[in-house]
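Each chain, letter by letter, is given below.
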Amino acid sequence: MKFVEMKIYRMKLPLAQSFSNSQTTLTYRRFDLVRLTTTTGEVGWGETVAFETPWYTSETVTTCHDALVNYIWPLIRNKEIADPKALNLILNKLKGHHMARSAVETSFWGIYAEKKNNRCIGF
């Protein structure tokens, strides 16, 4: 499959209960939804899971967005990617950015599973 479009939607959801750590108190969760579209119209969705500040990992909502737009999308745009293993080989060119990368992997897996009729496929 080839990806021809990536859209990123910034989301902000209130938490049912606030969450506190040594640095901050969270009352909402901000994240990005990633929508990938193939040349044949299939759509896959993924989400970034980083926080707004680097208190948990070095990745943040901002660094994930930057990695998606400036590094990951150029690596996968209009490339023929047959299966998850092929995607992994492409994404291995990028060091770090695991949370941004997982949003794209999740999007890919959604399309891949749908194309395989939701059967569990080993590779």
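Model, not experiment: these values are computed from the prediction.

## As for the packing of aromatic side chains
Per the stated rule, a full pass over the model turns up five aromatic pairs. Ring centres 6.1 Å apart and planes at 65° place the aromatic pair Phe3 and Phe108 in the edge-to-face group. With Phe3 in strand β1 (residues 3–20) and Phe108 in helix α3 (residues 98–115), this residue pair connects regions lying 105 residues apart in the sequence. A ring pair is formed by Phe51 and Tyr56, whose centres lie 6.2 Å apart and whose planes are at 75°; its orientation type is edge-to-face. The rings of Phe3, Phe108, Trp109 and Tyr112 are connected pair by pair, giving a single aromatic cluster. Over the ring of Tyr28 we find Lys12; its NZ or CZ atom is 4.2 Å from the centre of that ring. Here the basic side chain of Arg29 rests over the ring of Phe51, its NZ or CZ set 4.0 Å away from the ring centre.

## A look at the pattern of salt bridges
Per the stated rule, a full pass over the model turns up five salt bridges. Here Arg10 and Asp32 are joined by a salt bridge, their closest N and O atoms 2.4 Å apart. On the criterion of sequence distance, the pair formed by Arg10 in strand β1 and Asp32 in strand β2 (residues 25–38) is long-range, its members being 22 residues apart. Its relative accessible area of 41% is what places Arg10 among the partly exposed residues. Its salt-bridge partner being Arg101, residue Glu105 comes within 2.9 Å of it at the nearest N-O pair. Remark: Arg101 and Glu105 occur in helix α3; sequence separation between them is four residues, near one turn of the helix.

## A word on the nonpolar core
Grouped together as the largest cluster of nonpolar side chains are 24 residues, with contacts concentrated most on Phe3, Leu36, Leu68, Ile72, Ile76, Ile81 and Phe108. Taken together, the elements giving at least two residues each to this core come down to β1, β2, α1 (61–76), α2 (84–91) and α3. Examining the composition of this core, we find that seven residues originate from one element, α3, more than from any other. Apart from the residues lying within four places of it in its own chain, the contact partners of Ile81 are Met1, Phe3, Ile76, Ala86, Leu87, Ile90 and Phe108.

## Observations concerning the side chain of Arg101
Classification of Arg101 as buried rests on a relative accessible area of 10%. One polar contact links the side chain of Arg101 to the main-chain carbonyl oxygen of Leu91, over a distance of 3.2 Å. Of note is the side chain of Arg101, whose polar atom sits 2.9 Å from the side chain of Glu105. Excluding anything up to four places from it in sequence, Arg101 contacts Ile72, Asn88, Leu91, Asn92 and Leu94.

## Side note on the packing of α1 against α2
At a minimum axis separation of 10 Å, α1 and α2 run at an interaxial angle of 135°. Between α1 and α2, the interaxial angle falls into the category oblique. Note that α1 runs across α2; the crossing there is right-handed. Counting all contacts with α1, which are made through Ile72, Leu75 and Ile76, the residues of α2 involved are Leu87, Ile90 and Leu91.

## Describing the sheet that holds strand β3 (residues 43–47)
Spatially, the three strands line up as an open sheet ordered β1-β2-β3, and their pairing is antiparallel. The sheet is open, and its two borders are formed by β1 and β3, each paired with just one other strand. For this sheet, the mean inter-axis angle between neighbouring strands, taken without regard to orientation, is 20°. Where β1 lies against β2, 13 bridges are found, and the strand directions are antiparallel.

Rules behind the numbers
- Residues numbered from 1 in each chain as written.
- Predicted model: local features only at pLDDT ≥ 70, side-chain atom pairs only at ≥ 80, totals over all residues.
- Heavy atoms only, no water.
- Phe/Tyr/Trp six-rings, centres within 6.5 Å; stacked < 30°, edge-to-face > 60°.
- Helix = DSSP H or I, 4+ residues; strand = E, 2+ residues; numbered from the N terminus.
- Lys NZ or Arg CZ within 6 Å of the ring centre and 35° of its normal.
- Salt bridge = Lys/Arg side-chain N within 4 Å of Asp/Glu carboxyl O.
- Buried < 20%, exposed > 50% of the residue type's maximum accessible area, 1.4 Å probe, protein only.
- Core = buried A, V, L, I, M, F, W, Y, C linked by side-chain atoms within 4.5 Å.
- Contact = heavy atoms within 4.5 Å.
- Polar contact = N/O pair within 3.5 Å; in protein donor to acceptor, adjacent residues only side chain to side chain.
- Axes fitted to C-alpha atoms, helices over the stretch in contact; angles between N-to-C directions.
- Parallel < 35°, antiparallel > 145°, perpendicular 65-115°, else oblique.
- Left-handed = near helix turned anticlockwise from the far one by under 90°.
- Pairing = 2+ DSSP bridges.

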